[in-house]
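# Observations on chain architecture
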Amino acid sequence: MEKITEKTTIEIQKDGYYEYTVETIETLSFHVLKNVHAEIKLILKGSLELQQDILLEPSSSLHMLSMNECKDSKMNLTYHLKKDSELKIGYYELNENTCDLKAKFYLEENGASVDVVTTSITSAKKIYDIGCIHIAANTNSNMSNYEISKQHANYKITACGTIKKGAYQSKSHQTSRILTLHEDQRSEAIPVLLIDENDVEASHANSMGKMNAEDLYYLQSRGISDEQAKELLTMSYLLPITDVLDNEEVNAELVTMIRSRMGL
Amino acid sequence: MRKLVIKDLYVSINDIQILKGVNLEINNHEIHALMGPNGQGKSTLLSAIMGDPKYRIDSGEIWYDDKDVLSMSVDERSRAGIFLGMQYPSEIPGVNNSDFLRAAMNARLEKPISLFKFIREMEHAVDDLGMKSDIAHRNLNEGFSGGEKKRNEIIQMKLLKPQFAMLDEIDSGLDVDALKIVADAVQDLYDTQDLSLLIVSHYERFLDLTKPTHVHILLDGKIVESGDYELVSKIDNEGYEWLYTKYGVEKPSEKPALVLESCGANR
């Protein structure tokens with residue numbers, strides 16, 4: 001695993017799987033060259049104030065898993081997607097620390113598509129601002145946000161899909177699911193769709209609340225303890241992150257990590 | 001000997017009294033059928049035995065295997081050998097069917113079941129119920145058809161091996177072939193294991209396949225008639241009408257259908 005500690009631009013020239021650990025830097029850029037298909041696992045550590053720029057050239061694809069292990073972090077991420085490029089990105093935060101994340105996805109040319117998954121467990125302040133901006137026609141975006149708010153959580157997500165004039169036949173979809181585990185927390189989801197073109201598809205879905213008593217009863221009626229039933233239901237908010245990468249080894253590791261957290 | 005005993009049970013939901021003094025005894029290896037018109041408390045009785053938190057136990061006792069069931073939590077009841085195949089099983093997005101089943105099996109084992117053994121047992125059960133093998137990887141009941149949900153309940157029953165199983169209208173939503181598959185699976189469990197059953201069903205067909213040893217009729221929160229299989233035939237021929245007269249119970253009025261006289265959109 002390569003450790004990055006200085007300002008850099010990383011050019012991804014070949015297909016393959018890459019792992020990086022990032023500490024104490026301010027800017028980091030990835031540049032995925034034309035027709036290249038890459039998978040990246042990025043581990044963020046320490047206390048970060050990071051500016052990240054990512055460019056996907058035509059017909060390239062990038063699947064990226066960003067695991068935030070920072071004590072506190074402020075991130076400003078910008079993605080530029082060119083013709084027929086495909087980005088799948090997962091942010092994964094299971095720490096108890098503060099985070100301020102801003103991510104903008106610019107679908108700049110025909111046929112570009114992005115799939116964003118965020119999963120987090122919060123017991124501090126977390127602010128997410130995620131936007132998918134459709135500039136060109138036939139572009140797709142899909143956002144799925146999963147949040148578990150514990151005691152003292154102060155979570156806010158703004159998810160915004162923007163379809164600009166000229167981006168006809170584009171699709172912008174988003175879902176946010178927030179599970180609240182305590183009375184003493186504050187969670188907020190703000191779905192926004194800004195549409196300036198006809199012949200497009202857009203949707204948003206939000207759910208927020210405590211665990212469903214009937215679901216708990218059903219699991220318990222099969223002998224699963226109250227605690228484990230809650231863990232199983234919680235896990236459903238974390239597992240979607242294991243679909244981001246194709247790398248089965250890494251995914252298996254993630255599943256094991258999540259499962260062991262849940263005592264399975 | 002494992003025995004279920006219910007004494008003078010009163011249960012309510014949202015301050016409405018549903019069960020008004022139910023008494024019932026089910027011995028080891030018996031099949032009891034519970035019949036009766038809708039809304040008389042059949043599902044309530046089964047849910048109360050399982051411990052559904054929606055229902056309030058006002059008074060009475062439930063004993064199973066000489067243990068005080070009402071003092072046990074829902075999961076303890078399950079681990080004690082009680083199972084309820086539900087009328088409307090929950091759909092739980094995000095919880096994978098096989099993760100759930102393995103957790104449920106492990107909950108009653110000292111040593112966790114090996115993955116290999118689990119997969120083999122699961123495949124076997126899925127196959128017996130005539131379901132597609134991808135069911136293991138699908139989310140628990142999510143997007144399942146009514147019939148698939150019911151069959152999934154029986155898969156769970158096969159894997160969890162209860163000693164006392166209750167089936168709440170497990171036959172509704174099943175077509176004739178599926179009904180036979182489910183009935184055969186239940187019969188097979190009864191024949192090969194130390195199992196007693198309490199079955200709620202409206203259909204003679206399912207009861208004809210499972211052949212209950214005892215039949216009860218629940219009316220207005222009480223068991224008013226008990227007998228053998230003859231009672232099933234009587235109900236099938238005569239319906240429930242005679243019961244209302246015999247026991248002086250008012251027949252629940254059928255709600256008049258709501259008529260939409262004019263639609264706002266057409267104004």
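Check the entry above for the structure.
Residues numbered from 1 in each chain as written. Chains lettered and ligands numbered in written order. Predicted model: local features only at pLDDT ≥ 70, side-chain atom pairs only at ≥ 80, totals over all residues.

## Things to note about the overall build of chain A
- Helix and strand counts for chain A stand at three helices and 17 strands.
- Relative to the globule expectation of 18 Å for 264 residues, the C-alpha radius of gyration of chain A, 19 Å, shows essentially globular dimensions.
- Over its C-alpha atoms, taken along the principal directions, chain A stretches across nearly 55 × 45 × 30 Å.
- Across the 264 residues in chain A, those meeting the buried criterion constitute 43%.
- Long-range pairs, those at least 24 residues apart, make up 72% of the contacts in chain A with a sequence separation of at least 6. (Helix = DSSP H or I, 4+ residues; strand = E, 2+ residues; numbered from the N terminus. Rg over C-alpha atoms; globule rule 2.2 N^0.38 Å. Buried ≥ 20, exposed ≤ 12 C-beta atoms within 10 Å, placed from the backbone. Contact = placed C-beta atoms within 7 Å.)

## Structural notes on the overall build of chain B
- Assigned secondary structure in chain B consists of nine helices and 10 strands.
- When the backbone C-alpha atoms are referred to their principal axes, chain B occupies close to 60 × 60 × 35 Å.
- For chain B, the residues scored as buried account for 40% of the 267 residues in total.
- Once local pairs closer than 6 in sequence are excluded, the contacts in chain B between residues at least 24 apart make up 69%.

## Section: the interface of chain B and chain A
- Taken together, the 22 residues of chain B in the interface contact 20 residues of chain A.
- Every element with two or more residues in the side of chain B that touches chain A is listed here: α2 (74-79), α3 (97-106) and α5 (146-160) of chain B.
- The residue makeup of the side of chain B that touches chain A, split by class, is 13 nonpolar, four polar and five charged. (Nonpolar A, V, L, I, M, F, W, Y, C, P; charged D, E, K, R; others polar.)

## Looking at the pairing of strand β6 (residues 47-56) of chain A
Residues and elements named next belong to chain A.
- The pairing of strand β4 (residues 27-32) with β6 spans six bridges and is parallel. The partner of T27 across the bridge, within β6, is Q51.
- Relative to strand β8 (residues 72-81), β6 runs parallel, the two being bridged by 10 bridges. Paired with L50 across the strands is M75, a residue of β8. (Pairing = 2+ DSSP bridges.)

## Comments concerning the nonpolar core
- L81, F105, L107 and L232 of chain A together with I49 of chain B are the most contacted members of the largest nonpolar core, which totals 134 residues.
- In terms of residue count, strand β10 (residues 98-107) of chain A provides more of this core than any other element does, six residues in total.
- Not counting residues up to four positions away in its chain, the partners in contact with I49 of chain B are I62, V69, I82 and M166 of chain B. (Core = buried A, V, L, I, M, F, W, Y, C linked by C-beta atoms within 7 Å.)

## Things to note about the sheet that holds strand β13 (residues 140-149) of chain A
Residue and element names in this part refer to chain A.
- Reading across the sheet, the nine strands line up as β1-β3-β5-β7-β9-β11-β13-β15-β17 and stay open at both edges, with parallel pairing between neighbours. Both edges of this open sheet fall to β1 (2-4) and β17 (201-209), since each of them pairs with a single strand only. Within the sheet, the average angular offset between the axes of one strand and its neighbour, ignoring direction, is 10 degrees.
- Inspection of the sheet shows strand β11 (residues 113-122) paired to β13 by 10 bridges, in the parallel sense. In the strand pairing of β13, I121 is matched with I148. (Axes fitted to C-alpha atoms, helices over the stretch in contact; angles between N-to-C directions.)

## Some details on the environment of S196 of chain B
Residue and element names in this part refer to chain B.
- Relative to the helices and strands, S196 resides in strand β8 (residues 196-200).
- For S196, a count of 22 C-beta atoms within 10 Å translates into the label buried.
- Counting along the chain gives 192 residues from S196 to L4, while the straight-line C-alpha distance between them is 9.4 Å.

## Description of α5 of chain B
Residue and element names in this part refer to chain B.
- Look at α5: 21 Å from first C-alpha to last across 15 residues, which is about the 21 Å you get at 1.5 Å a residue.
- Counting buried positions along α5 gives 11 out of 15 residues, so the element sits mostly inside the fold.
- Listing the buried residues of α5 in full gives E148, K149, K150, R151, N152, E153, I154, I155, Q156, M157 and K158.
- Contacts made by the buried residues of α5 are with β6 (82-85), α3, α4 (115-128), β7 (164-168) and α6 (176-192).
- Looking one or two residues past α5, K161 carries a phi angle of roughly 45 degrees, positive in sign. (Expected span 1.5 Å × (residues − 1).)

## Here's the deal with helix α2 (residues 226-235) of chain A
- Looking at α2 of chain A, one finds that the buried residues are Q228, A229, L232, L233 and M235 of chain A. Along the long axis of α2 of chain A, the arc covered by the buried residues comes to 160 degrees, so they all point the same way. (Arc of directions from axis to C-beta.)

## Quick notes on the packing of α4 of chain B against α5 of chain B
Residue and element names in this part refer to chain B.
- The geometry of α4 relative to α5 is characterised by a closest axis approach of 9 Å and an angle of 140 degrees between their N-to-C directions. On the basis of their axis angle, the class for α4 and α5 is oblique. Regarding α4 and α5, the two cross each other, and that crossing is right-handed. Residues E121, M122, A125, V126 and D128 of α4 touch α5, and the partners they reach there are I155, K158 and L159. (Parallel < 35°, antiparallel > 145°, perpendicular 65-115°, else oblique. Left-handed = near helix turned anticlockwise from the far one by under 90°.)

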